[in-house]
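# Understanding the architecture of this molecule
The residues making up each chain are set out below.
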Amino acid sequence: MKSAVVYAVKKLLIFFAGIFVLSIIVFVMSRIAPGDPLVSYYGDRAEKMSASEKAAARERLGLDSSVYIQYIRWVGNAARGNFGISYKYRQDVSEVISRRLGNTLMLGGISFALVFILALLLGWFCARFEDRLPDRILCKTGTFVSCIPEFWLSLVLIFVFAVTLGVLPGGGAYDPGHSGDALNRLRHLVLPVAVLVMSHFWYYAYPVRNMLLEQTHADYVLTAKAKGMSSGAVMLKHCIPNIIPSYISFMAVSVPHILSGTYIVEAVFSYPGLGTLAYESARYGDYNLLMVICLLTGTAVILSNMTGQAIMEKINPAISAQKRGENL
Amino acid sequence: MSHRELFDAEAVSQTAPGSFAKKLADSGFPVLSAALLGIIVLLCMGAELIMTKDPSYMHLESIHQPPCREFIFGTDSMGRDIFSALWYGGRISVLIGVLSAVISALIAVLYGAAADVAPSGIDTAMMRLADILLSIPSLLAVLFLQAILGRADVLSLSFVIGVTSWPAIAKVVRSEVRRLQSCEYVIASRCMGGGFFHILKMHFLPNLLPTVMFMVVMNIRGAIVAESTLSFLGLGLPLDVISWGSMLSLAEKSLLASGWWAIVIPGVFLITLLMCITNIGNWLRKSFSAGENNV
């Protein structure tokens, strides 16, 4: 019991250390990055301001002190739930983000779930037909589809389904005035989700196929077959349950992969989510907003990495033993 | 990993280096991909010889022409000849891919090997740092780095992509070195008094090279995708520097005018190139067994 507490505390410490380092890197980077926050806050008026007016404005916004003072002030405020105001939107950062977060979670979540299921099914299918025609065709198609850059796939899908056929909307999250209409939102999700699923499923299905093949070549499968079990039943009852933990940990580690895909797809479809927001705020030097988006992304990534690692350590004690330096 | 691949792995680690040519012939080398890749790269390098027009000249009288006899692949919404721009821009895309892959491989090998040699605390810290760097969206990293380097050009973009894409490789390098360290022949070598540099030279480098080679190839692919995506989003090369990405960044205008050729043709070339690189990369991985288990 005690060791479990130590383990949890250790993991928590690692987590917070990660967030801390990340916040420093992001903060310093965003302060050196280009773009004058005064321009994004006051718009064209900033250019007409006199030098003293500019200095006063900087002081009012807390932009005049040195970077580490600004950082300490920021952390102090953040601890109280105040992440500052977005210079561009002139609203609380948390407010701007909470309006978009749901959209990104919906897009990312649906795509992640679909990729998760589809990859497992396809990997299973391929392993079932190892090196025979269906497997070979799927392997080739999968490699081909995963070679198509997300932005280009988005373009082509928009061109075909939105511009030429006009059956699906080519951008945004909902039509004006339909923000509460679930069906309308769903229609807007079809193309972005399709792009995400198509450009990611093979990245996961191929490892599933290989992990399953490693299982089907193991001796226990031969034993089970010798005792009269059909190969389909062996697959379902033994092989798949055996690979599920490593598959889940693999998927957990891969969250940033899908997340960055989500951001690109959002930018192409001008889908109002965190990705579009990050892209805009980076261009306009909206530091406060950018920092929180990066921190949110980073937290999600660190959390998923740690989950993956914990699962790996659970199923393979050799890894944690290695960590402790017990190997030669 | 299938049994056949496992056997390959053993065969590779047992055979002496030097039978490369024989392995090449036996291991199902993707001839078609290599040939296509060679042709595309050669044509891009010799772009001046086959270009029919100046790729940056704007034929204002024939904006947005569909493919015809004069403009084989049509013109874009600025009136530039796509056929000529394709070869000219491909050169820059390939160059950025190779340059940034080399940069990231160099950093990754040094970092990964250093982490493994370092005491366990520093090793953990270094790998955690790599994780954290991985979690920063490359969008921000690219903007930041370009602010220091000034205007985006081929060199700065390669540097930026290279510098932001090493942590994943460094993690694999470290796990590979770690795996090698518990190999019996390494232990044997150490027991017989082999020093660190002896082991590095005799055992680590020959074993790391195939892994790194595979990843460098895959990183070329990643860098080409990154360049085109960034340029497409308007964060990479400006419009007047022709690359496949900046050609496609005009695509949104073509989209509205339903000019499919300005989207499809550069895209098809891009995907063909990526596909060839992927096939060669996969062949490298299979025949030199970098292994799937590095995830």
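Residues numbered from 1 in each chain as written. Chains lettered and ligands numbered in written order. Predicted model: local features only at pLDDT ≥ 70, side-chain atom pairs only at ≥ 80, totals over all residues. Heavy atoms only, no water.

### Digging into the packing of aromatic side chains
One pass over the structure, following the stated rule, counts 12 aromatic pairs over all chains. With a centroid separation of 5.7 Å and 40° between ring planes, the pair formed by W202(A) and Y206(A) is classed as tilted. A residue pair is termed a helical-turn pair when its members lie 3 or 4 positions apart in one helix, as W202(A) and Y206(A) do in helix α9 (residues 182-216) at four residues. Each member of the pair, W202(A) as well as Y206(A), carries the same accessibility label: buried. These aromatic residues form a ring-pair network of at least three members: F83(B), W87(B), W244(B) and F269(B). (Phe/Tyr/Trp six-rings, centres within 6.5 Å; stacked < 30°, edge-to-face > 60°. Helix = DSSP H or I, 4+ residues; strand = E, 2+ residues; numbered from the N terminus. Buried < 20%, exposed > 50% of the residue type's maximum accessible area, 1.4 Å probe, protein only.)

### Quick word on a nonpolar patch on the surface
All names here are of chain A. A contiguous nonpolar patch, built from F20, I24, V28, I32 and V67 and spanning about 390 Å² of accessible area, is present on the exposed surface. Looking at the nonpolar patch, the element that brings in the most residues is helix α1 (residues 2-32), giving four residues. Within the secondary structure, I24 is located in helix α1. (Patch = residues over 30% accessible without salt bridge, like charges linked within 9 Å, V, L, I, M, F, W, Y side chains within 5 Å. Areas by Shrake-Rupley, 256 points an atom, 1.4 Å probe, with all protein chains shown as cover. Salt bridge = Lys/Arg side-chain N within 4 Å of Asp/Glu carboxyl O.)

### Quick look at the domain arrangement of chain A
Residue and element names in this part refer to chain A. By domain assignment, chain A separates into domain 1 (2-79) and domain 2 (100-327). Contact residues are listed per partner, giving 17 residues for domain 1 and 16 residues for domain 2. The largest share of the area that domain 1 buries against domain 2 comes from K11, F15 and W74, three residues that together contribute 31% of it. One can count zero salt bridges joining domain 1 with domain 2. Going through the elements one at a time, α1 and α2 (37-42) are the ones with two or more residues in the side of domain 1 that touches domain 2. (Domains from an automatic or database assignment. Contact = heavy atoms within 4.5 Å. Buried area = accessible area lost by both parts, 1.4 Å probe.)

### With respect to the packing of helix α6 (residues 93-128) of chain A against helix α12 (residues 255-269) of chain A
Axes are the key here: two packed helices are described by the angle between their axes and the distance separating the axes. Residues and elements named next belong to chain A. Between α6 and α12, the shortest axis-to-axis distance is 10 Å and the interhelical angle comes to 130°. In terms of their interaxial angle, α6 and α12 are classed as oblique. At the point where α6 passes α12, the crossing takes the right-handed sense. Packed against α6, whose contacting residues are T104, L107, G108, F112 and V115, the element α12 presents V255, I258, T262, Y263 and E266 at the interface. (Axes fitted to C-alpha atoms, helices over the stretch in contact; angles between N-to-C directions. Parallel < 35°, antiparallel > 145°, perpendicular 65-115°, else oblique. Left-handed = near helix turned anticlockwise from the far one by under 90°.)

### With respect to the pattern of salt bridges
Residue and element names in this part refer to chain A. Under the defined criterion, the tally for this structure stands at five salt bridges over all chains. Across the salt bridge formed by D131 and R209, the nearest N and O atoms sit 3.8 Å from each other. Taken together, the positions of D131 in the loop between α6 and α7 (133-146) and R209 in helix α9 put the pair 78 residues apart, joining distant regions of the chain. When its relative accessible area of 8% is taken as the criterion, R209 is described as buried. Salt-bridge contacts for D135 lead to R209; the nearest nitrogen and oxygen are separated by 3.0 Å. Separated by 74 residues along the polypeptide, D135 in helix α7 and R209 in helix α9 bring together distant segments of the chain. In this structure, D135 and R209 share a single accessibility class: buried.

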